[in-house]
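Overview (structure and organization)
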Amino acid sequence: MINKTAMIALVGRPNVGKSTLLNRMVGEKVAIVSNKPQTTRNRITAVLNQGETQFIFLDTPGMHQARTRLGEYMVRVARESVGEVDAAALLVEPVANIGPQERELIARLQETKQPSVLVINKIDTVEKVALLEIMVLYAAAHTFDAIVPISALGGDGVSELLGCLDKYAQEGPQLFPDDMISDQPEKQVCAEIVREKLLLCLDKEVPHGTAVEVTRFSERDSGVIDLDVTIYCEKQSHKGMIIGKNGQMLKKVGELARVDIEKFMGAKVFLQTWVKVKEHWLDSVGQLRNFGYTE
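So, here's what we can say about the structure.

Basis of the calculations
Residues numbered from 1 in each chain as written. Predicted model: local features only at pLDDT ≥ 70, side-chain atom pairs only at ≥ 80, totals over all residues. Heavy atoms only, no water. Helix = DSSP H or I, 4+ residues; strand = E, 2+ residues; numbered from the N terminus. Contact = heavy atoms within 4.5 Å. Areas by Shrake-Rupley, 256 points an atom, 1.4 Å probe, with all protein chains shown as cover. Axes fitted to C-alpha atoms, helices over the stretch in contact; angles between N-to-C directions. Nonpolar A, V, L, I, M, F, W, Y, C, P; charged D, E, K, R; others polar. Pairing = 2+ DSSP bridges. Phe/Tyr/Trp six-rings, centres within 6.5 Å; stacked < 30°, edge-to-face > 60°. Buried < 20%, exposed > 50% of the residue type's maximum accessible area, 1.4 Å probe, protein only. Salt bridge = Lys/Arg side-chain N within 4 Å of Asp/Glu carboxyl O. Core = buried A, V, L, I, M, F, W, Y, C linked by side-chain atoms within 4.5 Å.

**Brief notes about the overall build of the protein chain**
Regarding its fold elements, the protein chain presents nine helices and 10 strands. Sequence-distant contacts, at least 24 apart, represent 71% of the contacts inside the protein chain between residues at least 6 apart. In the structure as shown, the protein chain presents an accessible area of about 14200 Å², 49% of it carried by carbon and sulfur atoms.

As structure tokens, then:
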């Protein structure tokens, strides 16, 4: 029976593995993952019920040097999330160097006096002896309540991390129903899955200049879901790359997305995609609001 809750923010630089860890802890895919930076744009809430505790995890955008209004929004979400939770888990690479992103987040932890745990991810990529140097370096920079080495991809150390985070749980009623794993609407998850496939299939700056909108989401009597999706990009040349020769790239993105959406929805999906150019949307307050990037 749930009688405690713990709200935990996952923070760190882009590509450190926050979304991979989130999916691993919850046991289902609630955040998209790619090997490109700035994959996560919005704060994503995921829910895990374990024993007497309901964990509420906030997956935040990676801390980075913002160059657009969207980037500024993402950094602001990451910074503000630190002060709105019971504790923060700072994910870092297994490298004996504290970068500017980590220093900024540590400063934010000190400013808010937020309880925090250091999570050294990707330990499967280094020798164990190298971890000690990293631990000593970060311990000198900030007084973390604990330092936990993990592999979000492989699962090593994740149970130990959950046990460590459980001590931040506060007595009180559960905030989400037992069967709920995320507060994201189904339409938003479907749009994010399409964006994940764009990140997977396209190179360089093209996928970072895309936004995805679900313009139709309906279910037939047979149970088939009709899904119309519009992909927006910044430049006409990018539109050509997204569509590809004879429409092959757009077809590939659609096929990959449909498989994951059907798995997520548990139903057959008829997916149609379009591509439109919307110049400078990354720096337009109005357009950012339209795409759901709001305070």
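**Focus: the side chain of Glu102**
Counting through the fold element by element, Glu102 comes out in helix α3 (residues 100-112). Leave out the neighbours within four places in its chain, and Glu102 touches Arg13, Val92 and Tyr138.

**Re the packing of helix α7 (residues 236-243) against helix α8 (residues 248-265)**
The relative placement of two packed helices is expressed as an angle between their axes plus a distance between the axes. Close contact between α7 and α8 brings their axes to 4 Å; oriented N to C, the two are set at 65°. Here Met241, Ile242 and Ile243 of α7 lie close against α8, whose contacting residues are Gln248, Met249 and Leu250. Residues that form the contact of α7 with α8 fall into these classes: five nonpolar, one polar and no charged.

**Looking at the pairing of strand β8 (residues 211-219)**
Two elements, β8 and strand β9 (residues 225-233), share eight bridges in a ladder whose sense is antiparallel. Paired with Ser218 across the two strands is Asp226, which belongs to β9.

**Some details on the packing of aromatic side chains**
A full pass over the atoms with the stated rule returns one aromatic pair. Ring centres of Phe55 and Phe57 lie 5.6 Å apart, and the angle between their planes is 5°; on these two criteria the pair is classed as stacked. The class for Phe55 is buried, based on a relative accessible area of 1%.

**Some details on the pattern of salt bridges**
Enumeration over the complete set of coordinates arrives at 12 salt bridges. A salt bridge links Lys197 to Glu196; the shortest N-O distance between them is 3.0 Å. Each member of the pair, Lys197 together with Glu196, is buried. Linked through salt bridges whose partners overlap, the residues forming this network are Lys29, Glu196, Lys197 and Asp260.

**Re the nonpolar core**
Grouped together as the largest cluster of nonpolar side chains are 31 residues, with contacts concentrated most on Ile8, Leu21, Phe57 and Val117. Of all elements in the fold, only β1 (4-12), α1 (18-26), β2 (44-50), β3 (53-59), β4 (87-92), β5 (116-120), β6 (146-149) and α5 (158-165) reach the threshold of two or more residues within this core. Considering each element in turn, this core owes the most residues, five residues, to α5. In terms of nonpolar packing, the next biggest core, distinct from the first, is built from 25 residues, Ile193, Val212, Ile225 and Ile231 among them.

**Thoughts on the sheet that holds β9**
Reading across the sheet, the three strands line up as β8-β9-β10 and stay open at both edges, with mixed pairing between neighbours. Bordering the open sheet on either side are β8 and β10 (269-277), each of which pairs with just one other strand. Each strand axis lies, on average, 15° off the axis of its neighbour in the sheet, ignoring direction. Here helix α6 (residues 186-201) sits on the sheet in contact with β8 and β9, set at roughly 135° to β8. Contacts between α7 and the sheet are confined to β9 and β10, with β10 contributing the most and set at about 155° to the helix.

It is worth stressing that arrangement in space is one thing and function is another; only the former is reported here.
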